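Each chain, written out:
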Amino acid sequence: MVAVAALVLGVSAVSAADLSPRAISAALDAAYDKYRGLQEGKNADYIPALAKVDPAIYGIALVTADGKVYTKGDVASEVSIQSISKVFTMAKVIEEQGPDAIAANMGVDATGQVFNSIVAIEQYKGAEMNAMVNPGAITATGMVAGGSRAEIWNKILSYYSDFAGRKLEVDQEVFESEAATNQRNQAIGRLMYAYGRIKDNPDRATDIYTEQCSVSVNARDLATMAATLANGGRNPVTGKQVLNSAYVPNVLAVMATAGLYDDSGKWLYQTGLPAKSGVGGGIIAVSPGRFGIAVISPPLDAAGNSVRAQKAIADISNALGGNPYTVTARK
Ligand code: GLU
């Protein structure tokens, strides 16, 4: 009957995602068990505090676009959000200034260089990159409007909190550890200022960027943030419209382009999911209209992406039919 109605309306058959509670729980259980014993990867250690995080933390959460929450493993432990924050600061800037502001200032293209590359800045004078790599991300932080550091910071933190559906806080130890060792990011901020991408106060932009990377989250927080993007910018758990739904495709496009560092293409090829990883060990991924998913597991591969998180998210999404590019051909 449903198929007939679809035919009459001329609606093409998209892949049937199975989002029944039983299918979701089974997919989470299977991925959790399959990768629990995996010993690959290593914590990030270029930020000293990250080296000390328990590498055994392994938490999975999936939040459907209609607000049902599923978890498996350790969803009590928190890690620093790190580069996943870049998504939400970029979203804030798009909300305030429109998508063209991001496209015109730092660009929306892959750099082909590492996330904190100075060569990438030099190549096109701070353009032709994106807000998921450090020069673009520090610039995006510098674009958030506000009269004082405190005002800008409070806006950023409360925006992230709206995505997560609870009041988030900063891990002070991580913030201090990175602030004491982020000379390269300071140089990146100043170079983006030299090219006129950051309009003023580059050191403040880098400092706020460092603080945003230190926001503490668990897997459920991250999955709710992802699910808010999956649900057209409305947090499906709290019901709050956090990001104008018209801008969600812009945010997802940049995540798809550059969310997993130098392995972004490989990831997209395998899963089709816009995603973002952070060196704290978290990854979020979005199946538009279906679900947001997050896994936390600190050991990273050579590209800087959590080993277990990539494997678990790919398995779960593929088991549930989460790839938005999968379309069943019409008969
Ligand atoms: N705060 C980190 C940095 O700027 C974030 C890196 C990441 O997660 O990719 O180096």
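Description of the structure in this document.

Conventions used here
Residues numbered from 1 in each chain as written. Predicted model: local features only at pLDDT ≥ 70, side-chain atom pairs only at ≥ 80, totals over all residues. Heavy atoms only, no water. Helix = DSSP H or I, 4+ residues; strand = E, 2+ residues; numbered from the N terminus. Buried < 20%, exposed > 50% of the residue type's maximum accessible area, 1.4 Å probe, protein only. Contact = heavy atoms within 4.5 Å. Near = heavy atom within 4 Å. Polar contact = N/O pair within 3.5 Å; in protein donor to acceptor, adjacent residues only side chain to side chain. Areas by Shrake-Rupley, 256 points an atom, 1.4 Å probe, with all protein chains shown as cover. Nonpolar A, V, L, I, M, F, W, Y, C, P; charged D, E, K, R; others polar. Axes fitted to C-alpha atoms, helices over the stretch in contact; angles between N-to-C directions. Parallel < 35°, antiparallel > 145°, perpendicular 65-115°, else oblique. Core = buried A, V, L, I, M, F, W, Y, C linked by side-chain atoms within 4.5 Å. Salt bridge = Lys/Arg side-chain N within 4 Å of Asp/Glu carboxyl O.

### A look at the overall build of the chain
Argument step 1. Within the chain one finds 15 helices and eight strands.
Argument step 2. When the backbone C-alpha atoms are referred to their principal axes, the chain occupies close to 60 × 45 × 35 Å.
Argument step 3. For the chain, with 331 residues in total, the buried portion stands at 53%.
Argument step 4. For the chain, contacts bridging at least 24 residues in sequence account for 69% of all contacts bridging at least 6.

### So, the site of the ligand
Argument step 1. As a structural note, the neighbourhood of the ligand is formed by Y46, Q82, S83, F115, N134, E178, N185, Y209, C213, Y261, G278 and V279.
Argument step 2. Within the side chain of Y261, a nitrogen or oxygen atom sits 2.4 Å from an oxygen atom of the ligand.
Argument step 3. Contact between the ligand and V279: an oxygen atom at 2.8 Å from a main-chain N or O atom of the residue.
Argument step 4. A total of 290 Å² of accessible area belongs to the ligand in isolation, and the protein chains cover 99% of it.
Argument step 5. In the shell around the ligand, the residues fall into six nonpolar, five polar and one charged.

### Considering the environment of I284
Argument step 1. One can find I284 in strand β7 (residues 282-287).
Argument step 2. A residue is classified by how much of its surface remains accessible, and I284, at 0% relative accessible area, is buried.
Argument step 3. For I284 and A219, which are 65 residues apart along the polypeptide, the C-alpha to C-alpha distance reads 8.8 Å.

### Re the packing of helix α7 (residues 134-143) against helix α11 (residues 202-213)
Argument step 1. Running from amino to carboxyl end, α7 crosses α11 at an angle of 105°, the nearest separation of the two axes being 8 Å. Considering their axes alone, α7 and α11 lie roughly perpendicular with respect to each other. Judged by residue contacts, N134, A137, I138, T141 and G142 of α7 engage A205, T206, I208, Y209 and Q212 from α11.
Argument step 2. Residue composition of the contact of α7 with α11, by class: five nonpolar, five polar and no charged.

### A look at the nonpolar core
Argument step 1. Counting 74 residues, the largest nonpolar core has F88, V215, L222, L229 and V251 as its most contacted members.
Argument step 2. Here V251 is in contact with V87, M90, A91, I94, L229 and L243, once residues within four sequence places are set aside.
Argument step 3. Counting residues in hydrophobic clusters, the runner-up holds 26 residues, among them A23, A27, L273 and A309.

### So, the pattern of salt bridges
Argument step 1. What the rule picks out here adds up to 14 salt bridges.
Argument step 2. E173 serves as the salt-bridge partner of K52, at 2.6 Å between the closest nitrogen and oxygen. One end of the pair, K52, is in the loop between α3 (48-51) and β1 (59-64); the other, E173, is in helix α9 (residues 172-179), and 121 residues separate them in sequence.
Argument step 3. The class of E173 is partly exposed, set by a relative accessible area of 46%.
Argument step 4. For D207, the salt bridge identified is with R149, shortest N-O distance 3.0 Å. Of this pair, D207 sits in helix α11 while R149 is found in helix α8 (residues 149-164), placing the two residues 58 residues apart along the sequence.
Argument step 5. R149 sits in the partly exposed class, given a relative accessible area of 26%.
Argument step 6. Members of the salt-bridge network, linked through shared partners, are E78, R166 and D221.

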